[in-house]
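Architecture and fold: a report
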Amino acid sequence: MKKAKKIKHSLYLIVALAMLVYALPLISFSGGWSWTSAFGVAWALFAFLVIGAHLHYLLGVDEEKQKTLDRIKAEKLRQWQLKWPEEKQHSQEHM
């Protein structure tokens, strides 16, 4: 399942790169800024955003972050479990 997702993201990345390579030479700034050139720049920025998102997934940045968060959660749970008997004993002394 994970390999299929990586293949899908790789394919989308290649398609986005191909569209960007095709479109960038066609964006003209010779007449100054116009609605057409502004649209071309906005479109290129969105294409770069899509490419960045697919690279982010393919490089596994989310996996590293998730592993780090899981370690932090496990450590907090362990600390809470160690603290829990102390709180229970403390509350029984005040009764």
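Definitions and cut-offs
- Residues numbered from 1 in each chain as written.
- Predicted model: local features only at pLDDT ≥ 70, side-chain atom pairs only at ≥ 80, totals over all residues.
- Heavy atoms only, no water.
- Core = buried A, V, L, I, M, F, W, Y, C linked by side-chain atoms within 4.5 Å.
- Buried < 20%, exposed > 50% of the residue type's maximum accessible area, 1.4 Å probe, protein only.
- Helix = DSSP H or I, 4+ residues; strand = E, 2+ residues; numbered from the N terminus.
- Salt bridge = Lys/Arg side-chain N within 4 Å of Asp/Glu carboxyl O.
- Axes fitted to C-alpha atoms, helices over the stretch in contact; angles between N-to-C directions.
- Parallel < 35°, antiparallel > 145°, perpendicular 65-115°, else oblique.
- Left-handed = near helix turned anticlockwise from the far one by under 90°.
- Contact = heavy atoms within 4.5 Å.
- Nonpolar A, V, L, I, M, F, W, Y, C, P; charged D, E, K, R; others polar.

Details of the nonpolar core
Of all hydrophobic cores here, the largest spans seven residues; its members are L13, A16, L20, I27, A44, A47 and I51. Elements that contribute at least two residues to this core include exactly α1 (2-23) and α2 (35-58).

Topic: the pattern of salt bridges
Under the counting rule described, the total for this entry stands at one salt bridge. Between R78 and E75 there is a salt bridge, with the nearest N and O atoms lying 2.6 Å from each other. Within this pair, R78 and its partner E75 are both found in helix α3 (residues 61-93), separated by three residues, close to a single helical turn. Judged by its relative accessible area of 41%, R78 falls in the partly exposed class. Among the residues examined, E75 registers a relative accessible area of 32% and is labelled partly exposed.

Here we look at the packing of α1 against α2
Packing of α1 against α2 leaves a shortest axis separation of 9 Å and a crossing angle of 155°. One finds that α1 runs roughly antiparallel with respect to α2. The element α1 and its partner α2 pack so that their crossing is left-handed. Residues K5, K6, H9, S10, Y12, L13, A16, L17, M19, L20 and A23 of α1 form the contact with α2, whose own contacting residues are W43, A44, A47, F48, V50, I51, H54, L55, Y57 and L58. Its residues assigned to classes, the contact of α1 with α2 comprises 16 nonpolar, three polar and two charged.

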